[in-house]
Amino acid sequence: MDNFIQTHLLSENCYDEFFIKANFLDVPCLKALISKCLGILIIIGAVIVKLPQIIKMISAKSGAGVSLLSQVLELVALTATISYSVANSFPFSAWGEGLFLVLQTSTICYLVFYYDNKALAGIAFLVVYAAALYVFLSGMVPMNILWSFQSSNIAIIIGSKVSCFSKSLC
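Bear in mind that the values here come from a model prediction, so they are computed numbers and not experimental data.

Chemist: Describe the nonpolar core, naming the residues involved and giving the relevant values.
Modeler: Ranked by size, the top nonpolar core spans 12 residues in total: Ala46, Leu75, Leu78, Ile82, Trp95, Leu101, Val102, Cys109, Phe113, Phe125, Tyr129 and Leu133. Elements supplying a minimum of two residues to this core: α5 (68–87), α6 (92–115) and α7 (119–137). Ranked by residue count, the leading element in this core is α6, at five residues. Counting seven residues, the second-largest nonpolar core is a separate cluster that includes Ile54, Met57, Ile108 and Leu111.

Chemist: Give a detailed account of the environment of Cys164, specifying residues and quantitative values.
Modeler: Relative to the helices and strands, Cys164 is located in helix α9 (residues 153–166). Residue Cys164 is classed as buried on the basis of its relative accessible area, which comes to 3%.

Chemist: For the packing of helix α3 (residues 27–48) against α6, give the residues involved together with the corresponding values.
Modeler: In the contact formed by α3 and α6, the axes pass within 8 Å of each other and the chain directions differ by 5°. The pairing of α3 with α6 is recorded here as roughly parallel in orientation. Along its contact with α3, which presents Lys36, Gly39, Ile42, Ile43, Ala46, Val47 and Ile48, the element α6 presents Phe92, Ser93, Gly96, Glu97, Phe100, Leu101 and Gln104. Split by residue class, the contact of α3 with α6 holds eight nonpolar, four polar and two charged.

Chemist: Can you lay out the pattern of salt bridges for me, pointing to particular residues and giving the numbers?
Modeler: Using the criterion set out here, one finds three salt bridges in the structure. For Glu17, the salt bridge is made with Lys21, and the minimal N-O distance between the two is 3.2 Å. Overall, the relative accessible area of 10% leaves Glu17 in the buried class. Here Lys118 makes a salt bridge to Asp116, at a shortest N to O gap of 3.3 Å.

Chemist: For the packing of aromatic side chains, give the residues involved together with the corresponding values.
Modeler: Ring pairs (aromatic) are described by centroid distance and by the angle formed between their planes. Scanning the model with the defined rule gives nine aromatic pairs in all. Taking the centre distance of 6.0 Å and the plane angle of 20° together, the rings of Phe18 and Phe24 count as stacked. Assessed through its relative accessible area of 5%, Phe18 is described here as buried. Here the aromatic rings of Phe92 and Phe100 are separated by 6.5 Å at their centres, their planes lie at 80°, and the arrangement is edge-to-face. Residue Phe92 is classed as partly exposed on the basis of its relative accessible area of 37%. The structure contains a cluster of three or more aromatic residues connected by ring pairs, namely Phe92, Trp95 and Phe100.

Chemist: Explain the state of the cysteines residue by residue, including any values.
Modeler: The tally for this structure, following the rule as stated, stands at one disulfide. Free of any disulfide, Cys37 has its nearest neighbouring cysteine sulfur in Cys14, separated by 12 Å. A relative accessible area of 31% places Cys37 in the partly exposed class.

Chemist: So what's going on with α5? Which residues, and what values?
Modeler: A rise of 1.5 Å per residue sets the reference length of α5, with its 20 residues, at 28 Å; its end C-alpha atoms lie 28 Å apart and thus fit the reference within 8%. Listing the buried residues of α5 in full gives Ser70, Gln71, Glu74, Leu75, Ala77, Leu78, Thr79, Ala80, Ile82, Ser83, Tyr84 and Ser85.

Reading the values: rules and limits
- Residues numbered from 1 in each chain as written.
- Predicted model: local features only at pLDDT ≥ 70, side-chain atom pairs only at ≥ 80, totals over all residues.
- Heavy atoms only, no water.
- Core = buried A, V, L, I, M, F, W, Y, C linked by side-chain atoms within 4.5 Å.
- Buried < 20%, exposed > 50% of the residue type's maximum accessible area, 1.4 Å probe, protein only.
- Helix = DSSP H or I, 4+ residues; strand = E, 2+ residues; numbered from the N terminus.
- Axes fitted to C-alpha atoms, helices over the stretch in contact; angles between N-to-C directions.
- Parallel < 35°, antiparallel > 145°, perpendicular 65-115°, else oblique.
- Contact = heavy atoms within 4.5 Å.
- Nonpolar A, V, L, I, M, F, W, Y, C, P; charged D, E, K, R; others polar.
- Salt bridge = Lys/Arg side-chain N within 4 Å of Asp/Glu carboxyl O.
- Phe/Tyr/Trp six-rings, centres within 6.5 Å; stacked < 30°, edge-to-face > 60°.
- Disulfide = S-S within 2.5 Å.
- Expected span 1.5 Å × (residues − 1).

Encoded structure:
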C-alpha cells in the first residue's frame, strides 16, 4: 500500500510529510494530493460515461439520433488532447479520461455505421482512426503542430455541439 501511495498519489517529500512527520496540513502536499485524487476520479467517471448510450444503441439495434459528425469531431478533440499530453509526458491522471472516451466514442461511431448497414465502412473508419492515432502518438508529428492541434480544441468541441444541435441529434 505504501508503494502504491508513493508511486501514484504522493511525491516522496509529501509522503514523508504525511506519514513520517504526521504533518497532514502541509498545503502544497494537500493540493497535490487533491489534484491527483480528482484526476483519478475523473478517469473513473470517464470509464463509464458513455456506456449507457452504447448499451441503448445495442439494445435498440439502432444508431438513430446520434450525429456521426458530432462524434467524429469529439474524437478529433480527444485525439488532440491525448497526443499533446503524451508528447509532453503529462501524467496519466491528467489525460487518461481521454483514452477511455476515445474507446467509447469510437465504439459509438462504429455502431452508427453498423446499424446503418455499413459495417465495412465502420471497420474502415476504425482502421483509419487507429492509424491516425498511432501517427499522433508515435512522435512523428512535430510539437508545434501538436500544440496547434490542441489549441483548436475549443473550436472543434463547439463545432461538434453545433453539428449535434443543428440536426437535433446527439
